[in-house]
Amino acid sequence: MTRRAAVLRAVPAILLFALPAVGLLGLAALSLTIGRYPVSVPDIVAILSGHDGGMAPARRAVLRAILIQARLPRIVGAVVVGAALSASGAGYQAVFRNPLVSPGLLGVLAGAGFGAALGIVAGAGPAGIHVLSFLGGVLAVAAGAGIARLFDVRSMLMLVFGGLLSTAFFTALLSALKYVADPDRQLPDIVFWLLGSLTQVGWRDLMVAAPPVLGGIAVLTACGRMLDALAMGDDEARTLGVPVGLLRHGVIAVASMLAALTVSVAGMIGWIGLMVPHAARLLAGPRNGLVLPLSACLGGAFLLLCDDLARVLTEQEVPVGLIVDLLSVCLFVGVLRLVRRGWAE
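Residues numbered from 1 in each chain as written. Predicted model: local features only at pLDDT ≥ 70, side-chain atom pairs only at ≥ 80, totals over all residues. Heavy atoms only, no water.

Asker: What am I meant to see in the overall build of the protein chain here?
Answerer: When you go through the protein chain residue by residue, the secondary structure sums to 16 helices and zero strands. Here the C-alpha radius of gyration of the protein chain, 21 Å, is about what a compact globule of 345 residues would show, namely 20 Å. Along the first, second and third principal axes, the C-alpha set of the protein chain runs to 70 × 55 × 35 Å. Going through the 345 residues of the protein chain one by one, you find that 47% of them count as buried. Partitioning the intrachain contacts of the protein chain with sequence separation of at least 6 by distance along the chain shows that 74% fall at a separation of at least 24. Accessible area for the protein chain stands at about 16,400 Å²; split by element, carbon and sulfur atoms hold 70% of it. Between the centroid of the 24 positive side chains of the protein chain and the centroid of its 17 negative side chains there is a distance of 7 Å. (Helix = DSSP H or I, 4+ residues; strand = E, 2+ residues; numbered from the N terminus. Rg over C-alpha atoms; globule rule 2.2 N^0.38 Å. Buried < 20%, exposed > 50% of the residue type's maximum accessible area, 1.4 Å probe, protein only. Contact = heavy atoms within 4.5 Å. Areas by Shrake-Rupley, 256 points an atom, 1.4 Å probe, with all protein chains shown as cover. Lys, Arg positive; Asp, Glu negative; His and termini not counted. Charge placed at Lys NZ, Arg CZ, Asp CG, Glu CD.)

Asker: Could you clarify how one ought to interpret the side chain of D43 in this entry?
Answerer: In this structure, D43 sits in helix α3 (residues 41-49). D43 gets classed as buried once you look at its relative accessible area, which sits at 15%. Here D43 is in contact with M55, R59 and L63, once residues within four sequence places are set aside.

Asker: Please explain the layout of surface pockets as it appears in this structure.
Answerer: It is a probe the size of a water molecule, rolled over the atoms, that shows where empty space is left. In this structure, the largest pocket spans a volume of roughly 690 Å³. What lines the largest pocket is a set of 24 residues, among which P126, I129, H130, W193 and S264 lie closest to the centre. Of all elements in the fold, only α6 (125-151), α8 (187-195), α9 (203-222) and α12 (244-266) reach the threshold of two or more residues within the lining of the largest pocket. The class makeup of the residues in the lining of the largest pocket is 13 nonpolar, eight polar and three charged. (1 Å grid on protein atoms, 1.4 Å probe; cavity = no way out; pocket = protein on both sides within 12 Å on 5 of 7 lines; lining within 4 Å. Points joined across faces, edges and corners; volume = space filled by probe spheres on them. Nonpolar A, V, L, I, M, F, W, Y, C, P; charged D, E, K, R; others polar.)

Asker: Which parts of the structure should I look at to understand the state of the cysteines?
Answerer: Among covalent bonds in proteins, the disulfide is the one between the sulfur atoms of two cysteines. Counted by the stated rule, this structure contains zero disulfides. Distance from the sulfur of C306, which forms no disulfide, to the nearest cysteine sulfur (C330) is 11 Å. (Disulfide = S-S within 2.5 Å.)

Asker: Would you explain the nonpolar core in this entry?
Answerer: Buried together is how nonpolar side chains tend to be arranged in soluble globular proteins. In terms of nonpolar packing, the biggest core is built from 62 residues, with F96, L106 and L227 touching the most fellow members. With 11 residues, α12 is the largest single contributor of residues to this core. Beyond its immediate sequence surroundings of up to four residues, L106 is in contact with Y92, F96, A140, V141, L159, G163, S166, T167 and I252. (Core = buried A, V, L, I, M, F, W, Y, C linked by side-chain atoms within 4.5 Å.)

Asker: Even after reading the chapter, I still don't get a nonpolar patch on the surface, so can you show me in this structure?
Answerer: Together, L150, F151, F161 and L165 line one region of the surface with nonpolar side chains, adding up to about 440 Å² of accessible area. You can see F161 is positioned in helix α7 (residues 156-180). (Patch = residues over 30% accessible without salt bridge, like charges linked within 9 Å, V, L, I, M, F, W, Y side chains within 5 Å. Salt bridge = Lys/Arg side-chain N within 4 Å of Asp/Glu carboxyl O.)

Asker: So what exactly am I meant to see when it comes to the pattern of salt bridges here?
Answerer: A side chain with one charge may pair with a side chain of the opposite charge, provided their charged atoms come close. Counted under the stated rule, the structure contains eight salt bridges. One salt bridge in this structure joins R74 and D307, with 2.8 Å as the shortest N-O distance. Of the two residues, R74 sits in helix α4 (residues 57-96) while D307 sits in helix α14 (residues 288-312), which places them 233 residues apart along the sequence. On the accessibility criterion, R74 (9% relative accessible area) is buried. Assessed through its relative accessible area of 2%, D307 is described here as buried. In this structure, D234 engages R97 in a salt bridge whose closest nitrogen and oxygen atoms are separated by 3.4 Å.

Asker: Honestly, the packing of α4 against α14 in this entry has me stumped. Any pointers?
Answerer: Helix packing geometry: the angle between the two helix axes and the distance between the axes. Between α4 and α14, the shortest axis-to-axis distance is 7 Å and the interhelical angle comes to 140°. One finds that α4 runs oblique with respect to α14. Helix-helix and strand crossings are classified by hand; for α4 and α14 the assignment is right-handed. Here the contact of α4 with α14 is built from residues that sort into 13 nonpolar, seven polar and four charged. (Axes fitted to C-alpha atoms, helices over the stretch in contact; angles between N-to-C directions. Parallel < 35°, antiparallel > 145°, perpendicular 65-115°, else oblique. Left-handed = near helix turned anticlockwise from the far one by under 90°.)

Asker: Can you help me understand empty space enclosed by the protein in this one?
Answerer: Within this structure, the stated rule accounts for one cavity of 30 Å³ or more. Taken as a whole, the largest cavity spans an internal volume of roughly 50 Å³. Along its surface, the largest cavity is lined by G77, V80, V81, A84, L206, A209, V213, L261, T262 and V265. For the lining of the largest cavity, the leading source of residues is α4, giving four residues. Within the lining of the largest cavity, the residues separate by chemical class into eight nonpolar, two polar and no charged.

As structure tokens, this is what we get:
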């Protein structure tokens, strides 16, 4: 055991979550104050606590609309989406035993993007777009797994190959939809959706997406010990009583569901599922039971930070997917040496 691994094992698990959790809460509080209409901390406390009777009725109505109907669901949405993507990426990396794996490996992001574009072209409305996006992601993963089953279901390489084919197929379908879409009404909506945005997230979306996201993260975390055993190899894991096939396909199914939900809520947001689990692994070591929930916490905070930047950097809001890509690439390059060392340990 290396010195770093020994230190990490000596640190209580609660301390590993204390600082990220406090940072996430502080960032969420800060996010409520910033925007095109700045709101002071006393006003936020008064509105959220219900002690706003002393305000003028017009000002109270405006502040409630800004905080409760616009900013608060957007903040919660950023945390939920970031947590889902990060936990999904951590699950994929643990199952495939590869630090360069991301939630899009088996085509879930391409399929969900195609489903959303299909809903836009068909005029399905917001609810229909969300449903078609989720179903498209599930269908893409099922297609990739089906291709792998045609050859050798036990081979991880064939599963990756099936995912690549599924991604290429649904990307081609998405391109075809962009070609036939109305260039004035539908194509801008498709492009904006594919860039990723949290502007349309509301309480109804969160009521649908948050419970399965929290449940999926809990399921992946509960599988942490078995994923640790899987890291030693399939034969060793079977010797320890781990149902390798069931575990692998179950984690892939849950992680894919999480990724598909994020696209249905916020559009295409990449890189979080690849980069954030590495940061969590540097803090928590190789224990998946700690890496998975810590990835969710860090991912929620990271996406919330990116969304704050998207809101304040320019007068016209920048799609959060662009901010995520730029920051993630810079951070990933900056800590690449530490990431490799952390994975090896």
